[in-house]
Amino acid sequence: MSVVKILRVLRVLRPLRAINRAKGLKHVVQCVIVAVKTIGNIMLVMFLLQFMFACIGVQLFKGSLMWCNDRSKLTTDTCKGEYFVYKQGDIHRPEVVQREWKNFDFNFDDVRNALLTLFTVTTFEGWPLILYKAIDSHSSDVGPIYNYRPAVAIYFIAYIIVIAFFMVNIFVGFVIVTFQNEGEQEYRNCELDKNQRKCIEFALKAKPIRRYIPKNKFQYKVWWCVTSQPFEYCIFALIMVNTVTLAMQYHGQPPEYEDVLDYMNIFFTAVFALEFILKLIAFRFKNYFGEAWNVFDFIIVLGSFIDIIYTEVHPGSNIFSINFFRLFRVMRLVKLLSRGEGIRTLLWTFIKSFQALPYVALLIVMLFFIYAVIGMQMFGKIAIDDSTEINRNNNFQSFPQAVLVLFRSATGEAWQQVMLACSNQPQTKCMPDLVNQTKSDNCGSDIAFPFFITFYMICSFLIINLFVAVIMDNFDYLTRDWSILGPHHLDEFVRLWSEYDPSAKGRIKHLDVVALLRKISPPLGFGKLCPHRVACKRLVSMNMPLNSDGTVMFNATLFALVRTSLRIKTEGEKSPDQLNEELRAVIRKIWKIKNQKLLDQVVPPPGVENDVTVGKFYATFLIQDYFRRFKKRKENQLKTGLAGAQTNSSVALQAGLRQLQDLGPEIRRAISGDLDEDTFPVDPEPMHRVSCLLLGAGDESANKL
């Protein structure tokens, strides 16, 4: 290879300069480098085991994988001259062929070839052929005999179990764990763990979403209908039935059967069109098309109508493929993603995983770009031959084709055959117009071996597994105790908050907070079965700031839920003000918050005078409640003659309660409701849904809105 070609190849390293300029990409590359350094011992053990198996393979199969193209000849001495080959088994079409003594491309003649063969077996690509060749092998310089040494299969089985199954997976797992641990090194001195940081970040960045509630009476009734749970369950059931009907189609179905399926498709299209019309009436044009799922539903309905009309008007037309419009029937399955809490959680995590992948994807793009350009320089002059792996669909003569070949190699599809086709072999010819410009007609190069091996190792064993590492990092809650609060739980709070704050003002009444949290299942909320006194105790520990109008803020409530559930700076010998100040310092250090008002809202600063909090308010209620219970119990004891000398304690408790109420006038001014049992219904609903029927009641509620 000329010096000029080497210098041209070095130019492809220029994109690596972007690593130092992109912070995220630099962080990914640093994690990869540290991971490779850390797994050095595993790589050494893996290489030593492969070397050991290679030496054993040389002893077992050295020179025994050779063969003659005339299978009736088994030795070099007899594999001479010519023989007849009958094309397609026709004895009337004989063809004279020269006998040749050949060697199998992947052999064990020396340690170098043995290591290459075993690496190919490690990738699981083409290894059965190598196994069968070894089973048929006889001895050195002797051709194959069918099923001569079946016991040698133990050698390959042991290698696959030890290396491919065990060591390679240890290698991959160690890369993933090291990559994740290296990503946490930035926060090694942080007092918060990864889950706590993610939840706090969500609570700080979350914003209330607007929920449209119409004021017109008729429109409100339609809105109530399409947003009710029975309507959602009905649509969900219809989607499932539609899915079953789609699976009932088969090739060669009778015309009557096909007509029934077509009528069912028309029925489902009409139902989904009715759903679209009702929602358009309920939400109006702007609010309906402001949500992505509604736009998707509209596209499906429109495509389904085009499918039906086009089928009726042009039943045998080939102007436009009718199968394209029938895709809209299958797309109805995607509507299931918007239904069900578990499905929404998985979808949310899936989107979060994609948001964390850009720099890993950029690193893979740079890897493909560098290897594609090098491949064009090294193998771009190889002639296209459909009898080889370098053909019109698989070559390095253009950049898109080179990327396609590399993508195929990354998936492991016959990558070893492409490598051999690019190596220095007699059948690797140059392009016809370049034969006169070169000293030989062979344009292959043995650089193909390190080129493809290093690409496969870097791409398949290392870089691709970074995707797995990032995805596992976001789906770690699937392997964690479900009772532990995670960021995937918090989206439900944002969604249900909008029912009590449809205008997205970011504040609701403190009594609505209790109802809201009882609608949310643990670990985020209290649950429907939570007694209201237990809920009040939880609110005492949350202790969010209470506004003068008796409302609480969105971010403060969500942050308090996260803080109390994960016990972030809530316990210890220090005072609450000291714990708040420490938490404020940690938040400033990690997130560099510029909005001081938001920080003061979620973690109130110490020294604020006359501050009224939800904790103080509900603590007062609990004291009153306990006192009423205590007083009632004592009255019952007096009636039964068991009171005795304990009357003095009741008087002392009354005096203490009066003193506490005298010290908190601001608390009484903040009270905006009664806290008796009746205030906490078993199944609380927002005001716009209370006592609302499908077509009758609800007018009064709509007027209040």
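Undergrad: I keep staring at the overall build of the protein chain and nothing clicks. Help me out?
TA: Of regular secondary structure, the protein chain possesses 27 helices and six strands. The 705 residues of the protein chain split such that 42% are buried. Long-range pairs, those at least 24 residues apart, make up 70% of the contacts in the protein chain between residues at least 6 apart in sequence. Carbon together with sulfur atoms contributes 61% to the accessible area of the protein chain, which is approximately 39100 Å² in total.

Undergrad: Any chance you could explain the packing of aromatic side chains here in plain terms?
TA: According to the stated counting rule, one finds 37 aromatic pairs in the structure shown. With a centroid separation of 5.5 Å and an interplanar angle of 70°, the aromatic rings of F276 and Y288 are classed as edge-to-face. Exposure class is identical for F276 and Y288. Each is buried. Of the aromatic side chains, those joined through ring pairs into one cluster are F368, Y371, F379, F396, F451, F452 and F455.

Undergrad: Looking at this model, I keep getting lost on the state of the cysteines. Mind explaining?
TA: One way to say it: the disulfide is the covalent bond shared by the sulfur atoms of two cysteines. On inspection of all chains with the given rule, the structure shows two disulfides. Residue C430 pairs covalently with C443 via a disulfide, S to S 1.7 Å. On the sign convention where negative is left-handed, the bridge of C430 and C443, at about 105° about the S-S bond, is right-handed. On the criterion of sequence distance, the pair formed by C430 in the loop between α16 (415-422) and α17 (448-474) and C443 in the loop between α16 and α17 is long-range, its members being 13 residues apart. Cysteine pairing in the protein chain follows 1-2, 3-4, where each cysteine in a disulfide is numbered by its order in the sequence. Counting only cysteine sulfurs, C234 is the nearest neighbor of C225, a cysteine outside any disulfide, at a range of 9.3 Å. Judged by relative accessible area, C234 falls into the partly exposed class, the value being 43%.

Undergrad: Got a minute to help me understand the confidence of the model for the protein chain in this structure?
TA: The share of residues in the protein chain with pLDDT of 70 or more is 79%, and the mean pLDDT across the chain is 79. Taken as a whole, residues 643-647 scores under 50 in pLDDT and shows five contacts with residues more than four places along the chain or in a different chain. This model gives residues 691-705 a pLDDT under 50, and the stretch forms 25 contacts once residues within four places in sequence are excluded.

Undergrad: I keep staring at the nonpolar core and nothing clicks. Help me out?
TA: Across soluble globular proteins, you tend to see nonpolar side chains buried next to one another. Judged by nonpolar contacts, the single largest core of 82 residues is most densely connected at F379, M419, C422 and F452. Setting aside residues no more than four positions away along its own chain, F452 makes contact with F379, F396, S409, W415, V418, M419 and C422.

Undergrad: Even after reading the chapter, I still don't get the packing of helix α20 (residues 532-542) against helix α24 (residues 614-639), so can you show me in this structure?
TA: Running from N to C, α20 and α24 cross one another at 140°; their axes reach a closest spacing of 8 Å. In the packing of α20 onto α24, the handedness of the crossing is left-handed. Of α24, the residues touching α20 (which contributes H532, R533, C536, K537, L539 and V540) are V614, G615, Y618, A619, F621, L622, D625, Y626 and R629. Among the residues making up the contact of α20 with α24, the classes are represented as nine nonpolar, two polar and four charged.

Undergrad: Would you mind showing me how to read the packing of helix α15 (residues 399-410) against α17 here?
TA: Axis angle and axis distance: for two packed helices, these are the angle between their axes and the distance between the axes, and together they describe the pair. Two elements in contact, α15 and α17, have axes separated by 9 Å at closest approach and are oriented at 65°. In terms of crossing hand, the pair formed by α15 and α17 is right-handed. Of α17, the residues touching α15 (which contributes L406, S409 and A410) are F451, F452, F455, Y456, C459 and S460. Taken together, the residues that form the contact of α15 with α17 break down as seven nonpolar, two polar and no charged.

Undergrad: Any chance you could explain the environment of D501 here in plain terms?
TA: Here D501 shows up in the loop between α18 (490-500) and β5 (507-509). The exposure class assigned to D501 is buried, which follows from its relative accessible area of 4%. Residues D501 and I209, spaced 292 residues apart in sequence, show a C-alpha to C-alpha distance of 8.5 Å. If near-sequence neighbours (up to four positions away) are discounted, D501 is found in contact with P208, I209, G506, R507 and I508.

Undergrad: Explain the environment of S72 to me, please; I cannot follow it from the model alone.
TA: Relative to the helices and strands, S72 resides in the loop between β1 (66-68) and β2 (82-86). The exposure class of S72 is exposed, given its relative accessible area of 56%. As a C-alpha pair, S72 and G143 span 71 residues in sequence and 9.2 Å in three-dimensional space. Among the polar contacts made by the side chain of S72, one reaches the side chain of D70 at a distance of 2.8 Å.

Undergrad: Got a minute to help me understand a nonpolar patch on the surface in this structure?
TA: Side chains of F124, I157, I161, V162, F165, F166 and I170 sit close together on the surface and give an oily, nonpolar patch of about 630 Å² of accessible area. Take I157: it is sitting in helix α6 (residues 153-183). Judged by its relative accessible area of 48%, I157 falls in the partly exposed class.

Cut-offs and rules
Residues numbered from 1 in each chain as written. Predicted model: local features only at pLDDT ≥ 70, side-chain atom pairs only at ≥ 80, totals over all residues. Heavy atoms only, no water. Helix = DSSP H or I, 4+ residues; strand = E, 2+ residues; numbered from the N terminus. Buried < 20%, exposed > 50% of the residue type's maximum accessible area, 1.4 Å probe, protein only. Contact = heavy atoms within 4.5 Å. Areas by Shrake-Rupley, 256 points an atom, 1.4 Å probe, with all protein chains shown as cover. Phe/Tyr/Trp six-rings, centres within 6.5 Å; stacked < 30°, edge-to-face > 60°. Disulfide = S-S within 2.5 Å. pLDDT = per-residue confidence, 0-100. Core = buried A, V, L, I, M, F, W, Y, C linked by side-chain atoms within 4.5 Å. Axes fitted to C-alpha atoms, helices over the stretch in contact; angles between N-to-C directions. Left-handed = near helix turned anticlockwise from the far one by under 90°. Nonpolar A, V, L, I, M, F, W, Y, C, P; charged D, E, K, R; others polar. Polar contact = N/O pair within 3.5 Å; in protein donor to acceptor, adjacent residues only side chain to side chain. Patch = residues over 30% accessible without salt bridge, like charges linked within 9 Å, V, L, I, M, F, W, Y side chains within 5 Å. Salt bridge = Lys/Arg side-chain N within 4 Å of Asp/Glu carboxyl O.

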